[in-house]
Amino acid sequence: MKKNIMVVVLGIFLISYSGISSGFCSESSIELGSKVINITKTFWIPPETYLTSRNELVYELLKTETSGKNMPYNVDTIASEDLNNAPSRNITEAINYIPSVFLQQGGDFIQPSLPSINGHSSSYTKIVVDGIELNTQLDGTADLSLFNTGNIDRIEVIKGPLSPYWGSGLGGVIYIKTKEPVKEGLPYFVLDTSVGTYGTYRSYFESYFSARGAYFLFIPQYSETRGYKEGGRAKRKDYFLKGKKDLTDIVSMDLTLGYKDAEIGEYNQERLNRRTVLDTYTFYSGLRFNVDYSDYLSGNIFINGLRIKGSRSYYSLNPASSNPYLVTPSLENRFGIRTECSVKSINSVFSLEGNIDYDEMESTSFDNRKNVTTYYLATRYEYSFSDNLSSIFNIRYDHNCAFGGEYSLGTGIVMNNFSGGVLRITLSRDFNAPPLNFRFMDRPESFLKSNEDLSPEYAYTGQVSLEKLLFRNLFIQLSAYIQKIEDGIILVQDTDNFFVYRNHDSLSNKGLEANVIWNIYKKTILRFGASYHDIISEENDEVIEGQPRLKYTASLNTVLWKGLIVNMSGYCLLYTSDAADELDGVDLGGR
């Protein structure tokens with residue numbers, strides 16, 4: 001019998017006045033120097049300007065700069081000013097305002113957080129920061145709680161697969177665009193500190209400076225908490241550096257470096273008589289050389305790397321022990337080189353792209369080190385028929401030495417001024433390469449077994465979105481999609497009572513989303529959202545359990561007077577599970 005589990009989380013806090021906020025946390029900001037920063041506000045804005053702002057925005061997640069009026073995909077954006085005016089301490093809390101985004105999180109804002117889109121699992125969602133892909137090949141996921149909001153310029157979220165651009169993934173893409181160094185008013189500094197309940201403390205320092213003709217942004221951050229439950233003590237140290245330099249009149253260089261170190265207590269697990277501590281660090285880097293030969297010809301070479309090293313230690317509760325009885329380390333190193341060339345005309349863009357990655361992986365889930373080489377080739381074509389009609393077509397071929405080759409393709413059109421609104425339509429064939437842990441894992445003590453016959457999933461997806469200003473103070477956005485997944489991967493129990501990931505002949509995923517923005521009074525914006533998703537086995541016409549199905553969001557943002565902003569936000573999440581009670585008593589390594 002199906003059992004509905006309702007999770008209601010309300011976050012209602014944030015009153016800010018002249019840089020000082022009170023509520024759950026009290027914060028203070030100090031600014032030294034003088035600098036003018038133009039911040040784009042994209043989320044809590046009046047309905048009559050919302051559509052105009054979306055059309056004028058230049059997106060980066062399609063790799064070539066694409067204006068909103070030429071964007072056929074269903075995208076939500078949250079800009080830095082929205083983040084500053086919202087009760088969000090990191091990206092995890094910020095994107096909870098988006099109805100089709102779901103999060104798996106242990107509790108506090110420092111705890112690891114795995115996002116999913118359109119009801120899929122977290123390994124279907126691609127996480128990208130400044131062009132650097134953060135998903136590991138070990139488990140296919142990326143931890144969003146790594147990022148505080150201080151160094152974020154904008155978050156771009158595509159709700160739907162984007163394999164022709166970013167490869168493996170059937171859910172969507174979360175693209176994190178960090179702040180840019182500035183050339184004027186240097187040096188410039190911002191210091192921000194906050195304290196809260198349960199021993200929560202956070203400090204943040206933002207500095208802009210120049211050296212040898214280059215301009216830099218450097219942000220160190222520190223966060224800690226003892227957690228709201230026993231065994232939840234955690235701390236994080238973050239360092240972020242971004243630089244820009246013009247080498248010649250046509251060649252420029254961009255540098256991005258990020259280092260994040262965390263020690264996280266994952267709470268006492270009384271039923272299993274244990275507590276666990278996650279100790280991990282992440283280092284990501286990107287060095288891009290841009291060549292703008294003319295207004296019509298440009299290209300770049302992007303060298304990027306990712307290193308994630310971590311271990312989970314298991315301690316006994318009774319009798320209490322300060323020494324772990326089990327430690328499970330893991331390591332992944334990735335190095336990649338990507339190159340792209342674009343030819344532009346007045347109304348079209350043609351791009352060619354190639355990439356090669358080399359991964360090294362170690363894990364207690366399998367014996368010996370695994371080395372995996374991946375490459376892809378892609379081409380894209382964008383064409384504007386008129387100011388109100390444009391299209392995109394793209395195709396890509398990926399090859400991974402562990403799974404073989406897969407191709408993906410997509411096309412989309414956007415019709416501006418469609419019955420006074422905007423209509424966006426996309427069709428695509430996408431794929432998802434299963435995490436290598438699924439293929440190589442052989443750990444009977446965790447009830448999981450390997451499956452070396454596991455093959456990539458692929459899916460056909462159609463999506464339509466309509467945006468329209470009904471009245472001067474009311475904006476609506478409606479979207480729907482249908483997805484057919486072949487060779488889908490699900491977790492099943494075999495005859496030996498082990499769990500194993502296996503390919504499933506056919507799955508279907510259908511979903512709806514609605515957003516309403518209402519300017520109820522002067523500078524008071526009320527925003528509602530809702531989404532519904534169902535993943536169904538076409539073999540037996542049954543819903544695949546354990547996935548989120550229904551989510552409601554609501555937020556109120558108002559400016560009471562100059563400098564005083566009040567934001568109240570919350571969400572309600574519903575998912576269905578046949579065996580919720582049993583799962584509560586079994587640790588499957590991440591629930």
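Just above sits the structure.
Draft legend 1. Here's a closer look at the pairing of strand β26 (residues 421-432). Burial analysis of β26 places 10 of its 12 residues in the buried class, which makes it a mostly covered element. Two elements, strand β25 (residues 404-418) and β26, share 9 bridges in a ladder whose sense is antiparallel. The residue bridging Gly 412 from the neighbouring strand is Thr 426, located in β26. Between the end of β25 and the start of β26, which pair antiparallel, lie 2 residues, with Ser 419 showing a positive phi angle near 50°. Where β26 meets strand β28 (residues 457-471), 12 bridges bridge the pair, whose relative direction is antiparallel. Among the inter-strand pairings, Leu 423 is bridged to a residue of β28, identified as Leu 466.

Draft legend 2. Unusual backbone geometry, seen in detail. Cis rather than trans, the peptide bond between Asn 318 and Pro 319 has omega equal to 0°. Tracing the backbone through its elements, the reader meets Pro 319 in the loop between β20 (297-316) and β21 (326-344). Phi at Lys 63 is positive, roughly 75°, even though this residue is not glycine. Relative to the elements of secondary structure, Lys 63 occurs in the loop between β5 (58-59) and β6 (66-67). Exposure remark for Lys 63: the relative accessible area of 18% places this residue in the buried category. The backbone of Asn 118 sits at a positive phi, close to 60°, despite the residue not being glycine. Topologically, Asn 118 is positioned in the loop between β9 (113-117) and β10 (125-129). The exposure class of Asn 118 is buried, given its relative accessible area of 5%.

Draft legend 3. Fine view of empty space enclosed by the protein. Tallied over the full model, the rule gives 6 cavities of 30 Å³ or more. Here the largest cavity is characterised by a volume of approximately 550 Å³. Lining the largest cavity are 34 residues, and of these Lys 126, Glu 133, Gln 137, Ser 168 and Thr 374 sit closest to its centre. When contributions to the lining of the largest cavity are tallied by element, the ones reaching two or more residues are β10, β21, β22 (348-363), β23 (370-386), β24 (389-400), β25 and β26. In the lining of the largest cavity, the residues fall into 8 nonpolar, 17 polar and 9 charged. The volume enclosed by the second largest cavity comes to roughly 60 Å³. Lining the second largest cavity are Tyr 73, Asn 74, Ile 158, Lys 159, Gly 160, Pro 161, Thr 426, Leu 427, Ser 428, Thr 461 and Gln 463. Those elements that provide at least two residues to the lining of the second largest cavity are β12 (152-159), β26 and β28. Top contributing element to the lining of the second largest cavity by residue count: β26, with 3 residues. Its residues assigned to classes, the lining of the second largest cavity comprises 4 nonpolar, 6 polar and 1 charged.

Draft legend 4. Geometry of the pairing of β23. With 14 bridges connecting them, β22 and β23 associate as antiparallel partners. Across the sheet, Met 361 pairs through a bridge with Lys 370, a residue of β23. What sits between β22 and β23 in their antiparallel hairpin is a turn of 6 residues, with Asn 368 showing a positive phi close to 65°. In this structure, β23 lies alongside β24, joined through 12 bridges in antiparallel fashion. Note that in β24 the partner of Arg 380 across the bridge is Asn 394. Linking two consecutive strands that pair antiparallel, namely β23 and β24, is a turn of 2 residues.

Cut-offs and rules
Residues numbered from 1 in each chain as written. Predicted model: local features only at pLDDT ≥ 70, side-chain atom pairs only at ≥ 80, totals over all residues. Heavy atoms only, no water. Buried < 20%, exposed > 50% of the residue type's maximum accessible area, 1.4 Å probe, protein only. Helix = DSSP H or I, 4+ residues; strand = E, 2+ residues; numbered from the N terminus. Pairing = 2+ DSSP bridges. 1 Å grid on protein atoms, 1.4 Å probe; cavity = no way out; pocket = protein on both sides within 12 Å on 5 of 7 lines; lining within 4 Å. Points joined across faces, edges and corners; volume = space filled by probe spheres on them. Nonpolar A, V, L, I, M, F, W, Y, C, P; charged D, E, K, R; others polar.

Remember that the coordinates give geometry; whether it matters functionally is a separate question.
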